[in-house]
Structure formats: C-alpha cells, structure tokens
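Residues per chain are reported as follows:
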Amino acid sequence: MNAENVHQDTDLAAPDLPREPEDVISEPAAVTPAPTTEATRDAGSGLGAAGIDDAPAVVEPADADASADASAHVDPAAEPAASDAAEPVAPPTGTMSAERLAAKALEARLLGGERKLKRREVAAGAGLSLLSARKLWRALGFPNLGDEDVAFTERDQSALSTIVDLVRAGKLTEEAAISITRAIGQMTDRMVVWQIEALVEDMVQKQGVPDAVARKRLVSELPNLIDALEEMLVYSWRRQLNAGVQRLAVRAEAGLQSSEEGREGDEDDAPLPLARAVGFADLVSYTSLSRRMNEKTLAQLVQRFENKCAEIISVGGGRLVKTVGDEVLYIAETPAAGAEISLALSRAFTEDEILPQARVAMVWGRILSRLGDIYGPTVNLAARLTALADPGTVLVDSMTAAALDDDERFVLVPRPAEDVRGFGEIHPVQLQPGSGRGLVLD
C-alpha cells in the first residue's frame, strides 16, 4: 500500500466500513445505492429519514408473548382503589425539571429543531466526505463528535451545503472557504461570550441575585432577546462590510500616496500591500493595579478601558484590531487620522479619574492583514515605541514624523536616538497637539 493513499485521520470509520472519500470539498461524495444495513446507516446513507434512532423498536415474539401473559394475569388486589385516585402522585423518575425543559426548548429554537442527525448523515446529505465536513466544523469551533452522537439538525446540513456550494460554483477556493468559516466561528464565539456576560452582569445588578442564579434565569430570558440580537448582528455585519469596501476601494489610493512620503523604497515593509497608521495604547501600572483590585473592580476597569478606546478609535475613523488585557491595537488609513486618534487616547486616559495614564505610539507603514489581525515590521516597531514612551505621551518614528511635518495640527519634538531590538538605532519623535481642536467626541 502506498503511503500517499493512507488517511491521517484513522478514526473516521470503523474497520469494516468503506474508506472515506478523498478530502476535496469541491467534488460531491458519490452515492451508491446499497442494501440498508447498520453499517451503511452509520456511514450516512439513511439521510432524509426521520432519524435512525427514531425507528420503532422491534419486539421479539417471545417478549410479546410474555407481555401478553403478564397483562392477562393482573392481580386485582394490585389495582389502586378508587379513593386513592385523588391523592397526589410524585413525578415519575426521569422527568425533566422546568429549567431543563426551558433549556431544551431554547436549544430547539436556536438550532432549528431537535437533534436527529449524526455527523455522517449530515456530511453525506451535503455530498461531502466526513473529513471535509470535519474541517469546516473545526473551523467554526465545534467540538469533536463521535459517529454515534446524534448532535445535528437539518439546519446544520443546510449550512454545510451553503459553504460547499460556493466552492463547487468556483466562487471560493477551499482554502478561502475554510478561512472565512474560521473568521465567522471565532468572531461569533467571542461575541456570544461577551453578550452572555453582559446580560448576566445586568441581571445581577438589576435583580440583586447572585451570579449563579442570574445564569440560570438567563435561559428563560433569552427567548425574548434572540430576534433583536440576530437582527442587530446582521445589520452591523452589513454596515461593517460596506465600510470595509469603502476603505478598500475609495480611500486606498490616498493612503498609498501618503505612504510614499519620506520613503526611499527599500524599507522592510515595502513588499506589504496595505498602507496604514498602526498604533498601540498601553495602560501604565496595570499589573500592580490588578493585584490590588477585587474581581468586580478589575472587570469595571477593563470594561471602561475597552469602551473608551473603542469610542475614540471609531470616532476618529480607525479600526480597533484587538484588545489584549491592558493594551489596545488599532489602525487608521492616513497618518493624520492615526495621529489624531493617538493624541485623543493619550489625553482621555490622562484626564480620566479612574483609569491610569497610557503610553501611546503610532507608526505609519505597510502591513499584512490576515485572520482579522495585522502583521509586519510596522506593527513590531509601534509595539517597541510604546515601551519607550513616557506615561501620558505619544511617540512616532522619524518617517511617520516626516509624513506629519507640514500639518499644523501636530507638533513634533525629536528625542534622543534609541537602540531598539530588531530595528537597530531609531529616532523617536514625540507627537503633541498643535492648532485646532483635535478629535472631538460628541
């Protein structure tokens, strides 16, 4: 047997089952009619039935006779008296609690029905090998499931078919489909956790109940919120997609022209496609502060920090790339926009009565944007400059300073040269506000 013909995922099928089709999303799995057996049902050939586990149980003849004999010889003394009928009867063993029933009803609504399908049935229904289906499920962040787990609904099959059809129609490559699917999975996972924690915190504060109680009550509260949350999600996605298209198509040329200022063409970031202002804001003494705070106070500080950053960056026309603890990474499309945002962040934290001051740095250069994050020497240099900045100040590099030199809104104060790991000697410049009002938050 050639090594190239051996699947790496040896757990995809039992030894007596046929080999999985090759892992090509763009080609539908072949369906060959065959007698229905337990093995073929597990392989997914029974798709479209009400569900394998829903088939009526077959009663053996011996069992049927025994049942008939038992019913024919009932002891009259064992029957309850008529006077006992009014007495309360305890719930039968195994009856679900009200909380469990609410959770099950919520699941059916969110998943589009009761779980009735196994993973092989869903993959076969989409005309896909199980290995390819698992790639997409893993990209979405779903846990691994066994062949016998009844974990899927018809909506799962429809969603799988939607992505696969895009590949087969030539609109996406398999690699692009998996990457886009992973973006959806990661973003919605973080969003859901964020929303649940916000709702639980709101219930704790408004209703005065413990955290554990609020989490149980949330199950019964969510059905009233699902439609509104879903509508806002789709609305926001469409707006964000439009904004992204505008940034790419309308303003790209202006950004590329600005990126040439002060450059010789041999910089480390020259091959990268996007010209952007990359900034970091880092709270001062966050580690020591967090050690002295209780959980609730620390959560409020982090939330205040993230909210303030998100507001300033969005008003300034930038994009918040990510927040990691006490640090935020953001981008803007022009050097001036990046400078305005950076000064506004520094000023906001200096004036805030709760948050500590921040070190801020911004570099104008080229970046690579992948997986919702950004990469390249420009990002690394901005991070190094942040560590060099004094609390309450903003630093830029010499090329960024050259791009801002003729703008009266900014004052540029050179600082002594610094030796920076990975970059050698650089010439930091402190950015200060010049004429004008700066970024205004209404």
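Scroll up a little and you will see the structure.
Presented here is a report on the structure given in the accompanying data block. (Residues numbered from 1 in each chain as written. Predicted model: local features only at pLDDT ≥ 70, side-chain atom pairs only at ≥ 80, totals over all residues. Heavy atoms only, no water.)

### Some points on the overall build of the chain
No. 1: Summing up its helical and strand segments, the chain has 15 helices and 12 strands in all.
No. 2: Among the 442 residues that make up the chain, the fraction classed as buried is 32%.
No. 3: Surface exposure of the chain reaches about 26900 Å², of which carbon and sulfur atoms provide 54%. (Helix = DSSP H or I, 4+ residues; strand = E, 2+ residues; numbered from the N terminus. Buried < 20%, exposed > 50% of the residue type's maximum accessible area, 1.4 Å probe, protein only. Areas by Shrake-Rupley, 256 points an atom, 1.4 Å probe, with all protein chains shown as cover.)

### Regarding the pattern of salt bridges
No. 1: Counted according to the given criterion, the structure contains 16 salt bridges.
No. 2: Note that aspartate 373 and lysine 322 form a salt bridge whose closest N and O atoms lie 2.8 Å from each other. Of the two residues, aspartate 373 sits in strand E7 (residues 373-375) while lysine 322 sits in strand E4 (residues 319-324), which places them 51 residues apart along the sequence.
No. 3: Here aspartate 373 falls in the buried class, since its relative accessible area comes to 13%.
No. 4: The residue arginine 415 makes a salt bridge to aspartate 390 at a minimum N-O spacing of 3.6 Å. Highlighted residues: arginine 415 in the loop between strand E9 (410-414) and strand E10 (418-420) and aspartate 390 in the loop between helix H14 (377-388) and strand E8 (394-396), separated in sequence by 25 residues.
No. 5: Under the relative-accessibility criterion, aspartate 390 is labelled partly exposed at 40%. (Salt bridge = Lys/Arg side-chain N within 4 Å of Asp/Glu carboxyl O.)

### Digging into the environment of alanine 336
No. 1: Examined against the element boundaries, alanine 336 turns out to sit in helix H13 (residues 335-351).
No. 2: Along the primary structure alanine 336 and phenylalanine 410 are separated by 74 residues, whereas in three dimensions their C-alpha atoms are 8.8 Å apart.

### Concerning the packing of helix H5 (residues 130-140) against helix H7 (residues 174-207)
No. 1: In the contact formed by H5 and H7, the axes pass within 7 Å of each other and the chain directions differ by 35 degrees. Side by side, H5 and H7 meet where Lys135, Leu136, Ala139 and Leu140 of the first sit next to Glu174, Ile178, Thr181, Arg182, Ile184 and Gly185 of the second.
No. 2: When grouped by side-chain class, the residues that make up the contact of H5 with H7 number 5 nonpolar, 2 polar and 3 charged. (Axes fitted to C-alpha atoms, helices over the stretch in contact; angles between N-to-C directions. Contact = heavy atoms within 4.5 Å. Nonpolar A, V, L, I, M, F, W, Y, C, P; charged D, E, K, R; others polar.)

### A look at the environment of arginine 100
No. 1: Considering the arrangement of structural elements, one finds arginine 100 in helix H3 (residues 98-111).
No. 2: C-alpha of arginine 100 to C-alpha of valine 219: the two residues are 119 residues apart in sequence and 9.4 Å apart in space.

### What about the packing of aromatic side chains?
No. 1: This model, assessed by the stated rule, comprises 2 aromatic pairs.
No. 2: Note on phenylalanine 305 and phenylalanine 349: the rings are 5.5 Å apart at their centroids and 40 degrees apart in plane angle, and the pair reads as tilted. Of this pair, phenylalanine 305 sits in helix H12 (residues 295-315) while phenylalanine 349 is found in helix H13, placing the two residues 44 residues apart along the sequence. There is no split in this pair, since phenylalanine 305 and phenylalanine 349 are both buried. (Phe/Tyr/Trp six-rings, centres within 6.5 Å; stacked < 30°, edge-to-face > 60°.)

### Points about helix H6 (residues 154-168)
No. 1: Between the first and last C-alpha of H6 there are 21 Å, a value that for 15 residues agrees with the 21 Å anticipated at 1.5 Å per step.
No. 2: All of the buried residues along H6 are Asp156, Gln157, Leu160, Ser161, Ile163, Val164 and Val167.
No. 3: Following H6 by one or two positions, glycine 170 adopts a phi angle in the positive range, close to 80 degrees. (Expected span 1.5 Å × (residues − 1).)

### Let's talk about the side chain of threonine 323
No. 1: Following the sequence through the fold, threonine 323 ends up in strand E4.
No. 2: Assessed through its relative accessible area of 18%, threonine 323 is described here as buried.
No. 3: What threonine 323 contacts, discounting residues up to four positions off in sequence, is Phe305, Glu306 and Val328.

### Some points on the nonpolar core
No. 1: In this structure, Ile341, Leu345, Phe349 and Leu431 are the most contacted members of the largest nonpolar core, which totals 35 residues.
No. 2: Of all the secondary structure elements, the ones that give two or more residues to this core are strand E3 (274-283), H12, strand E5 (327-332), H13, strand E6 (358-370), E8, helix H15 (398-404) and strand E12 (429-433).
No. 3: In terms of residue count, H13 provides more of this core than any other element does, 9 residues in total.
No. 4: Leu117, Val122, Ala126 and Ala151 belong to the second largest nonpolar core, which has 18 residues in total. (Core = buried A, V, L, I, M, F, W, Y, C linked by side-chain atoms within 4.5 Å.)

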